[in-house]
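# A look at the structure
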Amino acid sequence: MHRNPPDRDRRQPPPPPPLPGPPPAYAARPARPARPGVPGPGDPADPAAPDPARVDPAVLGALLRRHGWQRRGGAAGRFGRWTPPAAGPGTAPASILVPESRAFPDCTDLLEEALAALARSALPAAREVLYGLGVPSDEVRWERRVPQAPAGAYGLPGEAAWSVQDQLRSAARRLLLAGALADRARVGYHGARHRARAERALDGVLVGPASGGRTLTAYVPVAGGRGTVARLHHALHAAREAVDYRRATGRMEAFDAAVPAGVSRELADALIALVRGSEGARIELAWAPAAGPPPGCAARPEPVDFSPGDLPALREAAARYTRAEPAVPVRLSGTVVRMRRSAPGGGGTVRLRVLSGAEIAYARAALDEDAYRVAGRAHLDGVPIRLTGRLQRRGGFRRLTDAEDVAPVPLDEVQRDRLMKSLDDPSGPADFLPGDD
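As the structure is a computational prediction, the values presented were derived from the model and not from experiment.

## Let's talk about the pairing of strand β4 (residues 137-144)
- For β4, the buried fraction is high: 6 of the 8 residues fall into the buried class.
- The pairing of β4 with strand β7 (residues 281-286) spans 6 bridges and is classified as antiparallel. Its bridge partner being in β7, R141 is matched across the sheet by E284.

Structure (structure tokens):
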């Protein structure tokens, strides 16, 4: 039997580890370890960790002061020592150092330490400051005075019921939506008009931390949302003055004059939802320090308060705006998505997905027999129809009356294919529909 040489059966010892090299001339500051899937400091995807190199010390100081932090000394002209609002032990740092300008030699180091302390803090005021630094945003704060729960009720002291918290969030969103609607048109009653675009304008809004269900803060980005907050600012003050005039004189003319400022039925309904069931509500606005106040607005807007005694005037204004808004003559183009009539012959009702002619998503139109037949043929051929009529306020400007001149819109194969692909985009089909000529 063949045997391997003895030297092949021996295992070679592992090589000795390499000797450590000389230490580097400098050591980089160790970065905070990032968890898997969680952005680290300085990553723009992490709103809680803005890049210290891009943070303006003056903006950070303004946000700290706005959210209750107190400056407790520091080297004048160089940096300040800021202490958080009153909080329990372990919820916030004892203090942070913030330079006054970029001229301070250790500005970036101090900002990095301050931002890290804010990110580690569980204090709501710390998170609110980080939200304001993440994206330049205007702040809208709601404070709703809700009666305390009776003695012996379950839950933590000061916590509001789920329904109370949901009512605050719903009313706050309706107020922002009313501001976005007023930024697009100054009318007393919007209904379904401009609603899709107004709702898309609120997609970038962030909601800050809230406790107890009695306060809520929204951060509206300056890019794309400044018009909404500025219009809401004017509308709230105009509504407050109109309510005071109504309660003092019993007359409603001030509400008519408030429409150009942005007051509408939607705003009145939102205020009613906010105040109803409470002891009063307050709305405060604050502009992004990095952007400053918009033109025509106060640098530090006064808070606006509404009480249960204002509800009758707001309800009367909402009804007045609905009655006073006239019908709108339009010429619509849309695709037929539903048809209905009570008998095989005669006219019927069609539902249109509006492509152009009005800022609404859908409209319902009553057609006579000939027009109904034209709409049915266009539906089978896969082409839109074009018609004229008047949008009535009843139903939220979704009903077209006095419909006439119903005709199909001729499309070639390329246009029909583009139409089918663009139905998910409300602003797309109007770009390639052929003209009336």
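## So, the environment of E100
- Turning to its location among the elements, E100 is positioned in the loop between β3 (96-99) and α3 (107-120).
- With relative accessibility at 32%, the residue E100 sits in the partly exposed group.
- In the structure, E100 is positioned 39 residues away from G61 in sequence and 7.9 Å away in space, judged by C-alpha atoms.

## Examining helix α4 (residues 124-134)
- Among the 11 residues of α4, 8 are classified as buried, and the element is accordingly described as predominantly covered.
- Taken together, the buried residues of α4 touch α2 (57-66), α3, β4, β5 (206-207) and β6 (215-221).

## Points about the packing of aromatic side chains
- As enumerated under the stated definition, the model contains 3 aromatic pairs in all.
- Here Y131 and Y219 contribute two aromatic rings whose centre-to-centre distance is 5.3 Å and whose plane-to-plane angle is 65 degrees, an arrangement assigned as edge-to-face. Placement of the pair is Y131 in helix α4 and Y219 in strand β6, with a sequence separation of 88 residues. Each member of the pair, Y131 as well as Y219, is classed as buried.
- Considering the side-chain rings of F255 and Y321, the 6.4 Å spacing of their centres and the 80 degrees angle between planes classify their relative orientation as edge-to-face. Residue F255 is located in helix α8 (residues 253-257), and its partner Y321 is located in helix α10 (residues 311-324); the two are separated by 66 residues in the primary sequence.
- A relative accessible area of 1% places F255 in the buried class.
- The ring centre of Y362 lies 4.4 Å from the NZ or CZ of R351, which sits over that ring.

## Re the confidence of the model for the protein
- With 76% of its residues at a pLDDT of at least 70, the protein reaches an overall mean of 80.
- The element-level mean pLDDT for the protein is lowest in helix α1 (residues 6-9), coming to 45, with strand β8 (residues 304-306) highest at 97.
- Counting interchain partners and residues more than four positions distant, the pLDDT-below-50 stretch residues 1-11 has 1 contact.
- Here residues 19-48 is modelled with pLDDT under 50, and outside its nearest four sequence neighbours on either side it reaches 21 contacts, counting other chains as well.

## A few points about the nonpolar core
- Counting residues in hydrophobic clusters, the biggest one holds 51 residues, and the most contacted among them are W142, L175, L236, L267 and I283.
- Residue assignment for this core shows that the elements contributing at least two residues are β4, α5 (162-184), β6, α7 (222-249), α9 (265-275), β7, β8 and α10.
- Those residues in contact with L175 that lie beyond four places of it in its chain are W142, L232, L236, L267, A270, L271, L274 and I283.
- Ranked by size, the runner-up nonpolar core spans 24 residues in total, among them L63, I96, F104 and L115.

## Some thoughts on the packing of α5 against α9
- Put simply, α5 and α9 touch, their axes get as near as 8 Å, and they point 165 degrees apart. It follows from the interaxial angle that α5 and α9 lie roughly antiparallel. α9 is crossed by α5, and the crossing has left-handed handedness. On α9, the residues that touch Q167, L168, A171, R174, L175, A178 and L181 of α5 are E266, L267, D269, A270, L271, A273 and L274.

## A closer look at the environment of E359
- Residue position: E359 is located in the loop between β10 (348-356) and β11 (362-367).
- Residue E359 is classed as partly exposed on the basis of its relative accessible area, which comes to 34%.
- Sequence spacing of E359 and R193 is 166 residues, and the spatial spacing of their C-alpha atoms is 5.0 Å.
- Residue contacts for E359: discarding those within four places in its chain leaves A192, R193, H194, R195 and R197.
- Of the polar contacts made by the side chain of E359, one reaches the side chain of R197; its length is 3.1 Å.

## Some details on the sheet that holds β8
- Spatially, the 5 strands line up as an open sheet ordered β5-β6-β4-β7-β8, and their pairing is antiparallel. The open sheet has two edge strands, β5 and β8, and neither has a second partner.
- Each of β4, β5, β6 and β7 touches α5; the most contacted strand, β4, lies at about 140 degrees to it.
- Across the sheet, α9 lies against β4, β7 and β8, angled at about 120 degrees from β7, the strand it touches most.

## Examining unusual backbone geometry
- Located in the positive-phi region is H194, a residue other than glycine, with phi close to 65 degrees.
- Structurally, H194 can be placed in the loop between α5 and α6 (195-201).
- A positive phi angle, close to 55 degrees, is found at D405, a residue other than glycine.

## Observations regarding α9
- The element α9 is largely enclosed, with a buried count of 9 among its 11 residues.
- Listing the buried residues of α9 in full gives E266, L267, A268, A270, L271, I272, A273, L274 and V275.
- The positive-phi residue at the C-terminal boundary of α9 is G277, with phi of around 85 degrees.

Thresholds applied
- The residue numbers shown here count from 1 along each chain, following its written sequence.
- Reporting of local features is limited, given that this is a predicted model, to residues whose pLDDT is at least 70; pairs of side-chain atoms are given and counted only at 80 or more, and all residues count toward the totals for whole chains, interfaces and linings.
- To obtain the side-chain values, all non-hydrogen atoms of the structure were included, while hydrogens and water were left out.
- To sort residues, take the accessible area from a 1.4 Å probe on protein chains only and compare it with the maximum for the residue type: under 20% means buried, over 50% means exposed, and anything in between is partly exposed.
- Counting from the N terminus, the helices are the DSSP runs of H or I reaching at least four residues and the strands are the DSSP runs of E reaching at least two.
- Here, a strand pair is defined by DSSP locating no fewer than two bridges between the strands.
- In what follows, residue pairs with any heavy atoms lying within 4.5 Å of each other are defined as contacts.
- Two rings from Phe, Tyr or Trp (for Trp, the six-membered ring) form a pair when their centres are within 6.5 Å of each other. A pair whose planes differ by under 30 degrees is stacked, one over 60 is edge-to-face, and the rest are tilted.
- The criterion for a charge sitting over a ring is simple: Lys NZ or Arg CZ within 6 Å of the ring centre, and within 35 degrees of the ring normal.
- Known as pLDDT, the predictor's confidence for each residue is given on a scale from 0 to 100.
- Note on terminology: a nonpolar core comprises buried Ala, Val, Leu, Ile, Met, Phe, Trp, Tyr and Cys residues joined through side-chain atoms within 4.5 Å.
- Lines are fitted to the C-alpha atoms to define the axes, a helix being fitted only along its stretch in contact, and any angle between axes, read from their N-to-C directions, falls within 0 to 180 degrees.
- Geometric relationships in this document are graded by angle, where less than 35 degrees denotes roughly parallel, more than 145 denotes roughly antiparallel, 65 to 115 denotes roughly perpendicular, and other angles denote oblique.
- Note on convention: the crossing is left-handed when the near helix lies turned anticlockwise from the far helix by less than a right angle, right-handed when the turn is clockwise.
- Nitrogen and oxygen atoms within 3.5 Å of one another constitute a polar contact, given that in protein one can donate a hydrogen and the other can accept it, and given that sequence-neighbouring residues count only through two side-chain atoms.

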